[in-house]
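Structural characterization, general
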Amino acid sequence: MTQLQFPIETVSSTISIIIVLGIFIKFFQYKQKLDVLKELDKRKDISKLTTEDKNYIKKNCKEYKEKQIKVDALTRLIFPIFITIAAILFFFLPLEKTLIHLNVIIVLYIYLQVHRIHTRNYAKFLEELNS
């Protein structure tokens, strides 16, 4: 009886593709949020901000400042974990397989950096609108 073996490289590649799709989704969500902020900025320039707009800005400003702190802490925590996983991969696997699996770590790190940058920028824009 022959067993069908599923190459683990396929799993790594699939996970990398899913994370890249996540990066694109994150980018488009950020773009939509920025469009809302641009509209609020236009209203602020012509002094037409409603009470609802001001409440939205204050609420989201506080929320994104807290979110920024959490995302920065998460990034600082996960970076050494990624380095440890990469070291383990290099130690236990041949170079060819290590590089294939290292792709997931690199793409995930890029995702975390994109998320951190978007959160920081959104928080800054809200802070400018709030002042």
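Everything that follows concerns the structure shown earlier in this document.
Residues numbered from 1 in each chain as written. Predicted model: local features only at pLDDT ≥ 70, side-chain atom pairs only at ≥ 80, totals over all residues. Heavy atoms only, no water.

**Section: the overall build of the protein chain**
Note the cut-off: Here a helix means four or more residues in a row that DSSP labels H or I, a strand means two or more in a row labelled E, and each is numbered from the N terminus. Radius of gyration here is computed from C-alpha atoms only, and the compact-globule reference equals 2.2 Å multiplied by the residue count raised to the power 0.38. Remark: exposure states derive from per-residue accessible area (1.4 Å probe, protein chains only) relative to the maximum for the residue type, with buried under 20%, exposed over 50%, and partly exposed in between. Contact between two residues is taken to exist if any of their heavy atoms lie within 4.5 Å; hydrogens are not considered. Within this scheme the basic residues Lys and Arg register as positive and the acidic residues Asp and Glu register as negative, but His and the chain ends are omitted. Charge positions are represented by NZ for Lys, CZ for Arg, CG for Asp and CD for Glu.
A count of helices and strands for the protein chain gives three helices and zero strands. Mapped in sequence order, the helices and strands of the protein chain form the string α-α-α. Computed over the C-alpha atoms, the radius of gyration of the protein chain is 21 Å, more than 25% above the 14 Å expected from 2.2 N^0.38 for a compact globule of 131 residues. Counting only C-alpha atoms and orienting by the principal axes, one finds that the protein chain spans roughly 75 × 30 × 20 Å. Looking at the protein chain as a whole, 29% of its 131 residues qualify as buried. For the protein chain, long-range pairs separated by at least 24 residues make up 80% of all intrachain contacts whose partners lie at least 6 apart in sequence. The positive charge centre, built from 20 side chains, and the negative charge centre, built from 13, are 3 Å apart in the protein chain.

**What about the packing of aromatic side chains?**
To keep things clear, this is the line we draw: Between 30 and 60 degrees the pair is tilted, below 30 it is stacked and above 60 it is edge-to-face, where a pair is any two Phe, Tyr or Trp rings, Trp via its six-membered ring, whose centres lie within 6.5 Å. Placement of a positive charge over a ring is assigned whenever Lys NZ or Arg CZ falls within 6 Å of the ring centre and within 35 degrees of the normal to the ring plane.
Evaluated as defined, the whole model comprises five aromatic pairs. Measuring from ring centre to ring centre gives 5.5 Å for Phe27 and Phe28, while their planes differ by 65°; the resulting arrangement is edge-to-face. The partly exposed category is assigned to Phe27, whose relative accessible area is 40%. Taking the centre distance of 5.5 Å and the plane angle of 45° together, the rings of Phe79 and Tyr109 count as tilted. On the criterion of sequence distance, the pair formed by Phe79 in helix H2 (residues 51-92) and Tyr109 in helix H3 (residues 95-130) is long-range, its members being 30 residues apart. Residue class for Tyr109 comes out partly exposed when judged on its relative accessible area of 31%. Lying over the aromatic face of Tyr122, Lys33 brings its terminal NZ or CZ to 5.7 Å of the ring centre.

**Topic: H2**
For clarity, the threshold we go by: Expected span, for any helix, means 1.5 Å times one less than how many residues it has.
The terminal C-alpha atoms of H2, which comprises 42 residues, lie 60 Å apart, in line with the 62 Å expected from a rise of 1.5 Å per residue. Along H2, the residues that are buried comprise Asp53, Ile57, Asn60, Cys61, Tyr64, Val71, Asp72, Thr75, Ile78, Phe82, Ala86 and Leu89. On its buried face, H2 is in contact with helix H1 (8-45) and H3.

**A short note on the environment of Lys42**
You can see Lys42 is positioned in helix H1. In sequence terms Lys42 and Leu112 are 70 residues apart; their C-alpha atoms lie 31 Å from each other.

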